[in-house]
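Survey of secondary and tertiary structure
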Amino acid sequence: MSLRINDLAPNFTAKTTQGTINFHQWIGDSWAVLFSHPKDFTPVCTTELGYMAKIESEFGKRNTKIIGLSVDPVENHNSWAKDIEETQGYLPKYPMIGDTDLAVSKLYNMLPAEETGSSEGRTAATNATVRSVFVIGPDKKIKMMMTYPMTTGRNFDEILRVIDSIQLTAAHKVATPVNWKQGEDVIITTAVTNEEAEKSFPGFKTIKPYLRTTKQPS
């Protein structure tokens, strides 16, 4: 069964570098980013985990927890973290899931449900599809998901931008235009009448009847 935006994020219990967690309980009232990796000690993922460690505080400012996943044992994650700190200059302090039985990868459709075996003997190539990012809201529903190829490092600044947009549009009846960044003008949704817009967004600009812009709400 495939996952879609606004589906309930599947819950699970798993071992992590910070102990066993129940995913939904771990999220609590926060937002969350789950990002996965096909195998430990892989070059592109090493740079990604290091960068996430560098900008973890930016997620914290947005009431967002981050958690990684790799299809390898937790013990390997701890050793890998030392390499990440040595080569990238930042030690991951967020939890990393050890998905040795492939359960979470299957649950999130990153591997086929009928996939057999464990992480033992698997290579990065056989786990190539375990390179997804899920943004999950406090309501435990999936707000965004994307999957990258193994040879392309992910842009986690873009994930921060997306979270800014999602949190803003969840609080106000607006949408964000192409390449929007924090502080730029936004679009008033078509569900808002012009009369309502005058009250909520005084001075808004009408480009087309269906395209009205306004300053970003505070």
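Notes on the structure in this doc start here. In this text, all values refer to a predicted model and were calculated from it rather than measured experimentally. Throughout this description, residue numbers start from 1 for each chain and increase along the sequence as written. Predicted model: local features are reported for residues with pLDDT of at least 70 only, side-chain atom pairs are reported and counted for 80 or more only, and whole-chain, interface and lining totals are derived from all residues. Side-chain numbers here rest on the full set of heavy atoms in the structure, without hydrogens or water.

Moving on: the overall build of the protein. Only DSSP runs of H or I reaching four residues or more are called helices, and only runs of E reaching two or more are called strands; each is numbered from the N terminus. Of the regular secondary structure elements, the protein holds seven helices and 11 strands. Dimensions of the protein, computed from C-alpha atoms along their principal axes, come out at roughly 65 × 40 × 30 Å. Buried positions account for 44% of the 218 residues belonging to the protein. It only takes one pair of heavy atoms within 4.5 Å for two residues to be counted as in contact. Sequence-distant contacts, at least 24 apart, represent 64% of the contacts inside the protein between residues at least 6 apart. Looking at the protein as shown, the accessible area adds up to about 11,200 Å², and 52% of this sits on carbon and sulfur atoms. Exposure categories follow from relative accessible area, calculated using a 1.4 Å probe and restricted to protein chains: below 20% of the type maximum is buried, above 50% is exposed, and the middle band is partly exposed. Computed with the Shrake-Rupley method and a 1.4 Å probe, the accessible areas treat only the protein chains shown as cover for residues.

Okay, the packing of helix H2 (residues 43-54) against helix H4 (residues 74-88) next. A fitted line through C-alpha atoms serves as each axis, taken over the contacting stretch for helices, and the angle formed by two N-to-C directions is quoted from 0 to 180°. Viewed as axis vectors pointing N to C, H2 and H4 meet at an angle of 80°, and their least axial separation amounts to 9 Å. Judged on the interaxial angle alone, H4 and H2 are roughly perpendicular. Of the residues in H4, those in contact with Cys45, Thr46, Thr47, Leu49 and Gly50 of H2 are Trp80, Ile84, Thr87 and Gln88. Three residue categories are used. Nonpolar comprises Ala, Val, Leu, Ile, Met, Phe, Trp, Tyr, Cys and Pro, charged comprises Asp, Glu, Lys and Arg, and polar comprises the others, including Gly. Of the residues that constitute the contact of H2 with H4, the class distribution is four nonpolar, five polar and no charged. The labels follow the angle: roughly parallel below 35 degrees, roughly antiparallel above 145, roughly perpendicular from 65 to 115, and oblique for the rest.

Turning our eyes to something else, we now look at the pairing of strand E11 (residues 211-214). Judged from the three bridges that link them, strand E9 (residues 186-188) and E11 form a sheet pairing that is antiparallel. For Ile187, the partnering residue across the bridge sits in E11 and is Thr213. Two strands pair when backbone bridges link them, and strand E10 (residues 205-208) and E11 are joined in this way by three bridges, in the antiparallel orientation. Along E11, the bridge assignment pairs Lys208 with Leu211. Pairing between two strands is assigned when DSSP locates at least 2 bridges connecting them.

Another aspect to go through is the sheet that holds E11. Read from one edge to the other, the open sheet built from four strands follows the order E8-E9-E11-E10, with strand pairing classed as antiparallel. The sheet terminates laterally at strand E8 (174-175) and E10, the two strands that pair on one side only.

As a further point, take helix H6 (residues 156-171). In this analysis, the expected span of each helix is defined as 1.5 Å times one less than the number of residues it contains. Look at H6: 23 Å from first C-alpha to last across 16 residues, which is about the 22 Å you get at 1.5 Å a residue. Among all positions of H6, only Phe156, Ile159, Leu160, Val162, Ile163, Asp164, Ser165, Ile166 and Leu168 are buried.

Attention now goes to the packing of aromatic side chains. Each Phe, Tyr or Trp ring, with Trp reduced to its six-membered ring, pairs with another whose centre is within 6.5 Å; inter-plane angles below 30 degrees give stacked pairs, above 60 give edge-to-face pairs, and intermediate values give tilted ones. As enumerated under the stated definition, the model contains seven aromatic pairs in all. Where Tyr108 meets Phe134, the ring centres are 5.0 Å apart and the plane angle is 70°; that geometry is what we call edge-to-face. Placement of Tyr108 in the loop between helix H5 (103-107) and strand E6 (132-136) and of Phe134 in strand E6 is noted, with a sequence separation of 26 residues between them. Across this residue pair, the class does not change: Tyr108 and Phe134 are buried. By way of ring pairs, the aromatic residues Phe12, Phe23, Trp26, Tyr108 and Phe134 are connected into one cluster.

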